[in-house]
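Structural characterization, general
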Amino acid sequence: MLKEISGLSMGYNDKYLLAVQDESGILFVIDQVTGSVKREIPFGKLGDYEGVEIVGKDVYILKNTGTLTRINDVDSSEQTTESFNTFLNKENDVEGLGYDAANNRLLLACKGKAGESQALQNRKAIYAFDLNKKILEPAPILSIGQTEVQKYLAAHANDERVEKLVEFFANPNAFEFSPSTVAVHPQNGNLYLLSAVGNIFMVINFQGEVVYMEKLKGKVHQQPEGICFDSKGGMFISNEAGDELPGMIYYFKPIGME
């Protein structure tokens, strides 16, 4: 049973979801309509697996240490795997994995330490893995912190929706937002992030500007850990099991579509 869906991706045919679970080296193929597990594909030893993303017919899986595992041609009867080590580690606590198709790269979001430079202190960073060179770029493509969040909150000060966000981000000397997932929207090109800490849903652009923020209801999203989109822009959010709710995946229709 899937209790801790730590990473979520949409299959290339929009029919199935792909998921990984903490501490389990298995790729789960899920019917996105019924929620039933259609296939289990073992790919590695036990480990802290936090993200999954499909690129063509290959599937990439992320460990919190920054290591990527590629399952080559996931539809074949006999898969082969290949691992790629990066300079990120447990201190960075890499939990988010997304695919930036426009630039043919994977995006790795750090829940922990953003980097070594002073400019990255009290911030969260997103790094890029070049799929052509098969290397992680040395500097993050963007980072986010209190400056960008407070700018957004000030611009929406009259919106009741931000009241709880103001409370969460009240400490100017800390940045508690901890991205557990990242996904690129197929239409608007923005980055969608979730933080189980605080149940924060955040949308940013590639300039690092906050486009939208919302505090999710804990009774519905007990621990949001995964996010992905279908080709029409419909959004899936996965939640790990809690004391009162099992592991759940919610679907949100594209805005403006019936």
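Right, let's walk through the structure included here. (Residues numbered from 1 in each chain as written. Predicted model: local features only at pLDDT ≥ 70, side-chain atom pairs only at ≥ 80, totals over all residues. Heavy atoms only, no water.)

In this model, the largest pocket occupies a volume close to 670 Å³. What lines the largest pocket is a set of 27 residues, and nearest its centre among them are Phe201, Tyr212, Glu214, Met235 and Phe252. If you list the elements that add at least two residues to the lining of the largest pocket, you get β16 (200-204), β17 (210-215) and β19 (235-239). The element that contributes the greatest number of residues to the lining of the largest pocket is β17, accounting for four residues. Residue composition of the lining of the largest pocket, by class: 13 nonpolar, six polar and eight charged. Its boundaries defined by the atoms lining it, the second largest pocket holds a volume of some 430 Å³. Among the elements of the structure, β1 (5-10), β5 (49-55), β14 (179-184) and β18 (224-229) are those that each provide at least two residues to the lining of the second largest pocket. Taken together, the residues of the lining of the second largest pocket break down into 11 nonpolar, six polar and three charged. (1 Å grid on protein atoms, 1.4 Å probe; cavity = no way out; pocket = protein on both sides within 12 Å on 5 of 7 lines; lining within 4 Å. Points joined across faces, edges and corners; volume = space filled by probe spheres on them. Helix = DSSP H or I, 4+ residues; strand = E, 2+ residues; numbered from the N terminus. Nonpolar A, V, L, I, M, F, W, Y, C, P; charged D, E, K, R; others polar.)

Right, let's talk about the nonpolar core for a bit. Core analysis: the biggest nonpolar cluster contains 23 residues, and Ile126, Phe169, Met202, Ile204 and Met213 have the highest contact counts within it. For this core, the elements supplying multiple residues, two or more each, are β10 (105-110), β11 (124-130), β13 (142-144), α1 (146-155), β14, β15 (191-195), β16 and β17. Setting aside chain neighbours within four positions, we find Met213 in contact with Val149, Tyr152, Leu153, Arg161, Leu165, Phe169, Phe201 and Met202. Formed by 18 residues, the second largest nonpolar core is a distinct cluster that contains Leu68, Leu97, Ala125 and Phe129. (Core = buried A, V, L, I, M, F, W, Y, C linked by side-chain atoms within 4.5 Å. Buried < 20%, exposed > 50% of the residue type's maximum accessible area, 1.4 Å probe, protein only. Contact = heavy atoms within 4.5 Å.)

Our focus in this paragraph is the sheet that holds β14. By definition, the strands of a sheet pair up through backbone hydrogen bonds, in either a parallel or an antiparallel sense. Taken together, four strands build an open sheet; the order of strands is β14-β15-β16-β17 and the sheet is antiparallel. Only two strands of the sheet have a single partner each, and these edge strands are β14 and β17. Each strand axis lies, on average, 15° off the axis of its neighbour in the sheet, ignoring direction. Bridge count for β16 against β17 is five bridges, and the pairing is antiparallel. The residue of β17 that forms the bridge with Phe201 is Glu214. (Pairing = 2+ DSSP bridges. Axes fitted to C-alpha atoms, helices over the stretch in contact; angles between N-to-C directions.)

A word on the pattern of salt bridges. Applying the stated criterion to the full structure yields seven salt bridges. With a shortest N-O distance of 3.7 Å, Glu91 and Lys113 are connected by a salt bridge. With Glu91 in the loop between β8 (80-84) and β9 (94-100) and Lys113 in the loop between β10 and β11, this pair connects stretches of sequence that are 22 residues apart. Among the residues examined, Lys113 registers a relative accessible area of 26% and is labelled partly exposed. Lys113 is the salt-bridge partner of Glu116, the closest N and O atoms lying 3.2 Å from each other. Take Glu116: its relative accessible area is 66%, and that puts it in the exposed class. Here the residues in one salt-bridge network are Glu91, Lys113 and Glu116, joined through shared partners. (Salt bridge = Lys/Arg side-chain N within 4 Å of Asp/Glu carboxyl O.)

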